[in-house]
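Commentary on secondary and tertiary structure
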Amino acid sequence: MATLEDGVSPTQTVVPTGDVIENPRRRDYLKVAAVSFAGVGAAVTVLPLINSMNPSADVLAQSTTEIDVTAIEPGQAIKTSFRKQPLFVRNLTPAEIAAADAVPVSSLRDPQTLAQRTREGHGNWLITLGVCTHLGCVPLGAGEGENRGPFGGYFCPCHGSAYDTAGRIRQGPAPKNLEVPNYEFTSPTVVVVG
Amino acid sequence: MSFPWARHYEPKNALTQWIDSRLPLPRFVYNAVGAGYPVPRNLNYFWNFGVLAGVCLVIQIVTGIVLAMHFHSSAAGAFESINGTIMRDVNAGWFLRFAHANGASMFLAVVYIHIFRGLYYGSYKAPREMVWLIGVVIFLLIMATAFMGYVLPWGQMSFWGAQVITGFFSAIPVVGEWIRVWLLGGYAPDDAALNRFFSLHYLLPFVIAGAVILHIWALHIPGSGNPTGVEVKGEQDTVPFHPYYTAKDGFGVGVFMIIFAILIFFLPDYLGHPDNYIPANPLSTPAHIVPEWYFWPFYAILRAFTADFIIPAKLWGVVAMFGSILLLFFLPWLDKSPVRSANFRPMYRIAFWVLVLDVLVLGYCGGSAATPAVVIASQLTAAYYFAHFLIIVPIISRLERPKPLPNSITEAVLGDHGGSRMSETALSA
């Protein structure tokens, strides 16, 4: 191809017989194809840059936690850590379970029953993240003697969100119930979270 | 643009001539901030704050680069490297650290005065809209940089500030939680978040410096505004930037340095929070989380939304908080009054001072605990903030009858004498 020979403009093509023909579309097509291909290629190289900012393997490796709940008496709760976030494990008393079940579900901001938030056969174990669904503070109520708020569950001191004994939002600015992570009981006293 | 009477750079010796013909950088500086830039003769001290903001940026970059040489960006080492190594062991480390921390406050104070100067004197109006737009971008960059810098000491306020601010993004429907985890590189602030904040905290000041160059470039196309808002009409209206305004700015820098030194040497922690001297603890939230003072008005707007209306209250708060700044991008087109300076706009002048008061009350609310009275005050002042820009300013610009403008800057300065066109020789006599 000798498109830049004397007298041959970029919009013309020299065919093998030596004739010069007008061919405006051929060059446009090559330009668009080349620039598009390079553009898509450049855009794809951004993906590893973005992906590198996702949680790395060492962070994800901490994504399961095993907890022995033997020592937690009814009415007590412990504060532990799951994925570097606080995790509340609470052994509900029969009175607390009754109080949670007595609330009409339709009156709740984020309607859920206690049974939906616990595991079958382990209905006294309320396991939630200790992260207020408003702006991420750690609510009080898991530690000994901490303020459990007007509904006897948890109370967030930052902006006054109050949770009940099922960890459901009852008062204050938080939009959702305390999150229940995935977990299962591997034995009656050992729970694996994550 | 340079006015036709702007002085021309003339390299005097062989070396400067050699440089000028190869890379005319001295000529560029001369025309930008030297004797080659004619400036209205009537600028008051509020026009110092642009240069002061530039001084702040340089102070922050210089102290920041040296501090970075001693800082460990890890969740285990960050707190100790600042409060132990830098504050106690590094030679003059305490001075650099307090200069950098208080320098951020000085920077934001200067920038706020600079912005309100622009609001009062109509600096955002044609033909200077681009100067204003780039200025709003710089403001956003400064806020991002200040926030990420505040996280680096990894104290309780640093950690919970990072938790709350990145929590804003989880308010976004559907993808919010994914974005938050992506921003943090984990499920809670930790090493990954601290390291990327440090990386960006180091990068953004240089992005700001680039945007500042665009800001000044855009300013120099029409030339600087002035307190009358009347455009330059002739040579008698201007004086060269150097030596007139380099001297005036030099005086302003002196006053600035006195206040800055008082903060560094006598009140180094006055603007900080005691809680940030407690190492970050992911399992315990401080009873009262507040950002630094310069974010208080925005924090008050964030917390002002308490009821769900179509979208959740939390999302309203985040949208309103970002909206309160993004709104400024539209200001040049919301205010249709052709008169720039509030000195000649009796109604706008009142609205301006009410806005200043409104933002101060918002700031007070943002710094206080969210009691019911504070929340109601935040709601009223946040509503007024938006009403000012979206309702009051557009209406005033239609109804208002401005006072008569002076015929020229020189007339405004010299009264009746200015009307009779004084010559350059008469002025310099």
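None of the values given here were measured: they were computed from a predicted structure. (Residues numbered from 1 in each chain as written. Chains lettered and ligands numbered in written order. Predicted model: local features only at pLDDT ≥ 70, side-chain atom pairs only at ≥ 80, totals over all residues.)

Let us look at the overall build of chain B. Of the regular secondary structure elements, chain B holds 18 helices and two strands. Counting only C-alpha atoms and orienting by the principal axes, one finds that chain B spans roughly 75 × 60 × 40 Å. Going through the 429 residues of chain B one by one, you find that 39% of them count as buried. Considering only residue pairs separated by 6 or more positions, chain B has 76% of its internal contacts joining residues 24 or more positions apart. (Helix = DSSP H or I, 4+ residues; strand = E, 2+ residues; numbered from the N terminus. Buried ≥ 20, exposed ≤ 12 C-beta atoms within 10 Å, placed from the backbone. Contact = placed C-beta atoms within 7 Å.)

What follows covers the sheet that holds strand 3 (residues 65-68) of chain A. Residues and elements named next belong to chain A. Read across the open sheet, the three strands follow the order 3-11-10; overall the sheet is antiparallel. The open sheet has two free edges, formed respectively by strand 3 and strand 10 (183-187), since each of these has just one partner strand. On average, each strand axis in the sheet is inclined to that of its neighbour by 25°, with strand direction left out of account. Summarising the sheet, strand 10 and strand 11 (residues 190-193) pair through four bridges and their orientation is antiparallel. For Glu184, the partnering residue across the bridge sits in strand 11 and is Val192. (Pairing = 2+ DSSP bridges. Axes fitted to C-alpha atoms, helices over the stretch in contact; angles between N-to-C directions.)

For the peptide bond that leads from B:Ala126 to B:Pro127, omega is 5°, which places it in the cis range. Examined against the element boundaries, B:Pro127 turns out to sit in the loop between helix 5 (93-120) and helix 6 (129-151). Each neighbour pair has its own omega, and for B:His242 with B:Pro243 the value is 10°, a cis peptide bond. The phi angle at A:Arg83 is positive, at roughly 50°, despite the residue not being glycine. Assignment of secondary structure puts A:Arg83 in the loop between strand 4 (77-82) and strand 5 (85-91).

On to the interface of chain B and chain A. The figure often quoted for interface size is the accessible area lost as the parts come together. With 23 residues of chain B at the interface, the matching set in chain A holds 21 residues. Of the residues contributing to the side of chain B that touches chain A, the split by class is 13 nonpolar, seven polar and three charged. (Nonpolar A, V, L, I, M, F, W, Y, C, P; charged D, E, K, R; others polar.)

Attention now moves to the domain arrangement of chain A. With domains assigned, chain A is organised as domain 1 (12-51) and domain 2 (57-193). Between the C-alpha centres of domain 1 of chain A and domain 2 of chain A there is a distance of 59 Å. (Domains from an automatic or database assignment.)

The subject of this paragraph is the UniProt feature "binding site: heme b b566" (unreviewed entry) in chain B. Residues and elements named next belong to chain B. The UniProt record marks His114 and His215 with the feature "binding site: heme b b566" (unreviewed entry), using the residue numbering of this structure. Spatial clustering of the annotated residues is evident: they stretch over 102 residues in sequence, but the largest pairwise C-alpha distance comes to 13.2 Å. A residue is classified by how many C-beta atoms lie within 10 Å of it, and His114, with 21 of them, is buried. Not counting residues up to four positions away in its chain, the partners in contact with His114 are Phe49, Gly50 and Ala53. Within the secondary structure, His215 sits in helix 9 (residues 191-220). (UniProt positions renumbered as here; feature names shortened; annotations may be inferred.)

In this section: the UniProt feature "domain: Rieske" (unreviewed entry) in chain A. Residues given the UniProt feature "domain: Rieske" (unreviewed entry) here are residues 94-192 of chain A. For residues 94-192 of chain A, the helix share is 8%, the strand share is 23%, and the end-to-end C-alpha distance is 24 Å.

Right, let's talk about the nonpolar core for a bit. Residues and elements named next belong to chain B. One finds Cys56 and Phe107 to be the most contacted residues of the largest nonpolar core, which totals 102 residues. Contacts of Phe107, omitting those with residues within four sequence positions, involve Ala53, Cys56, Gln60 and Ile142. By size, the runner-up hydrophobic cluster in this structure holds seven residues, among which are Leu119, Tyr121, Tyr348 and Ile396. (Core = buried A, V, L, I, M, F, W, Y, C linked by C-beta atoms within 7 Å.)

The next subject is the domain arrangement of chain B. All names here are of chain B. The domain architecture assigned to chain B consists of domain 1 (26-37 + 44-155 + 192-229 + 237-281) and domain 2 (290-416). Domain 1 and domain 2 are separated by 23 Å when their C-alpha centres are compared. On the domain 2 side, the residues contacting the 24 residues of domain 1 number 23 residues. With seven residues, helix 6 is the largest single contributor of residues to the side of domain 1 that touches domain 2. The class makeup of the residues in the side of domain 1 that touches domain 2 is 14 nonpolar, seven polar and three charged.

What follows concerns the pairing of strand 4 of chain A. Pairing between strand 4 of chain A and strand 5 of chain A: six bridges, direction antiparallel. Note that in strand 5 of chain A the partner of A:Ala77 across the bridge is A:Arg90.

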